Each structure stands twice: as C-alpha cells, then as structure tokens.
Amino acid sequence: MNKTLSTAAAAIALVTAATACGGGGGEGQGGGDDAIVLGFSQVGAESGWRTANTESIKNAAKDAGIELKFSDAQQQQENQIQAIRSFIQQGVDVIAFSPVVESGWDTVLAEAKSAGIPVVLTDRAVETDQKDVYETFLGSDFVEEGRKAGQWLVEEYADSEEDVNIVELQGTTGSAPAIDRKEGFTEIISEHDNFEITASQDGDFTRSGGQEVMQAFLSSDDDIDVLYAHNDDMALGAIESIESAGLEPGEDITIISIDGIKDAFQAMADGKINLVVECNPLIGPQLMDLVGKVHAGEEVEERITVEEGVYTQDEAEEELPDRKY
Ligand code: GYE
C-alpha cells in the first residue's frame, strides 16, 4: 500500500471508530450537519416500559432530525454521571436524562451549567437545592399514580370491615417513582384503619426482582390479600411465584400494578391482574420538541406532566389491540 492510500485508510478507520462508539458517549444516530446534538442518558433496560421509552426517544430524534448520542446506564448512577461528563466533554448542544435515583446530582448538574449546556429531565425527577440547573422536567405524576391505585383498592373493599393485608413490591430504592408511588398509595389507604402494608421490599422494577421478592413474601406470610407492585414487570414476575405457590393471582391475591404494558393487559384479560394504572413511556416526540425549544433559547414550562388513565379487567380485552407499548 502506498503512503497516501494508507493514510486515507487510517483516516477512514478513525472516522468509522468515532461513529461506532459515538465519540465515547454511546451510539451516535441521525441528524445532518447543523443538526442539534442531544446527549441522552437512559436508566437501563429494566422493564417493558423502559424499552418502549427508549424506542420512542430514538424514533422521535430521527423524525426531528436531531443527532442522538444515546447511553444506557444499566441502572447505575455512576454510569449516568460518567455519560453526562462525556457529553459535556464532547460539547453536545443539549443533555437530557432520566435519573435512576433522585439525589446525588448537584455536582454534575453544576458542571453542565458552567459548560453552558442546557439540561432537560425526562421521566424521573431529581432532588436538588440548586437553582436553575435544569430547564424543564417532562414526566408523569407518580404520586398521583399511587393515589389512583389506592383509591381503586379502597373502593373495591368498601363493603368490608375486615383487615386487608397488602404486600408492596417497590421500584428501585431512591428512585422518584418508587418514592412517589409509595407516598400516593399510603396517603389514601392510611385514611382507613383496616388497610395495612404488612411487607414492602425493593424488586428493582424487574421481573426477576418481582418474582424473587414475592416468593420470599409468600414463604413468610400466608395471609396476603393484595399485591401492590410499583410496575408491571414486577407484578408479572410475582404472578409466577404466586402460581408456583398453588395460588390464583387475581383471585386469591388482588393485584394492582403501574405502567400498562401489553403483557400486563394480557394478564388482566386473563384475570391475573386486577388493576393497571397507566404510565405513558411514549414521550419521545414531546421530549424532542422541548429539546428544540431549549436549544433555541425559548421559554419552557418548568414541569410538564403526561395524561394517563386507569384500567380494570372489564376494559382489558377491548383495550389490548390498541395498546401501543
Ligand atoms: O414505571 C418502570 C421503569 O421511571 C416511570 O421505570 C419509570 C419507571 C416505570 O422501570 O417500569
């Protein structure tokens, strides 16, 4: 190979490598020369909700002509902090992320601010005393979701004075949805003396987590009336343990979960889940709209919530073909 050719080959190899690893921040995708570059740090791939959310974000970026640098944190905060630092180093136009837990973001958010890169929070909130470290937060009202779950349960058992023993499968410890879904639910049931959460543990929002923790609940307690799962995947994992224990999910144990993924609607149609509180992951288009506005220096609202419903077994079969995630 002559010198010119080998230099050209080396240059091509370099470009290919840079594209393949997105310059170190994750996979690069989409956009033209003057496209907005968005660095996005996702929580992980822990649930059906998350998979749908990731797909929605990737598709929406493509449709909006935004160059997306996507990074998966595998549910570890340190990975997210690293990804955000790498986005800052690369000088992306906007950073968006869905924080795995609520606290511990002050330093990295201050770093983004001093680099002059606007930050958009999506799906989950952060706990911070600092002012103006992010532009806006787009996501569901998790406290309200917990309240909806509690309200349905209280009405369902309205004619009974008997004790209602509830076990709770919590989402990732320290995450906004786990904290808020517990808070909203507890607020409602604590107005009634006969409702009690007898056991509550972290199932990390995964099927295997739900299955394992439910198995432990069942082996130490034979008087469980209700399972409140902070997401569908944990409820679906728990159903396996309930069935293995020779019990009928949805009959012997009333099951409430949150998200509304297709598999949970199927389980509802099969009589195995009693109530699903919807949490919509398809927020990619709204996110890209906000990213565009923030990049253009337009004013955006500090908090944008997502509209969501509540579904029972009667509605499950009819709704199933229309479920988008
Ligand atoms: O409910 C759960 C996922 O933050 C709303 O995270 C999200 C939650 C969702 O793992 O399934």
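Coordinates for the structure precede this section.
The shown structure was predicted, so the numbers you read here are calculated from the model rather than taken from an experiment. (Residues numbered from 1 in each chain as written. Predicted model: local features only at pLDDT ≥ 70, side-chain atom pairs only at ≥ 80, totals over all residues. Heavy atoms only, no water.)

(A) Highlighting helix H7 (residues 207–220). Between its first and last C-alpha, H7 extends 20 Å over 14 residues, near the 20 Å set by a 1.5 Å rise per residue. Restricting attention to buried positions, one finds in H7 the residues Gly-209, Gly-210, Val-213, Met-214, Phe-217 and Leu-218. Axial view of H7: buried residues confined to an arc of 155°, hence all on one face. Of the exposed residues in H7, those oriented more than 90 degrees away from the buried face are Glu-212 and Ser-219. Structurally, H7 contributes buried residues whose contacts are with strand S7 (164–170), strand S8 (195–202), strand S9 (226–229) and helix H8 (232–244). At the N-terminal boundary of H7, the capping side chain belongs to Thr-206, with an oxygen 3.0 Å from the backbone nitrogen of Gly-209. (Helix = DSSP H or I, 4+ residues; strand = E, 2+ residues; numbered from the N terminus. Expected span 1.5 Å × (residues − 1). Buried < 20%, exposed > 50% of the residue type's maximum accessible area, 1.4 Å probe, protein only. Arc of directions from axis to C-beta. Contact = heavy atoms within 4.5 Å. Polar contact = N/O pair within 3.5 Å; in protein donor to acceptor, adjacent residues only side chain to side chain.)

(B) How the structure looks around unusual backbone geometry. Despite not being glycine, Gln-75 shows a phi value in the positive range, around 60°. When you line up the elements, Gln-75 lands in the loop between strand S3 (67–72) and helix H3 (77–90). For Asp-132, which is not glycine, the phi dihedral falls at a positive 55°. Examined against the element boundaries, Asp-132 turns out to sit in the loop between strand S5 (119–122) and strand S6 (136–138).

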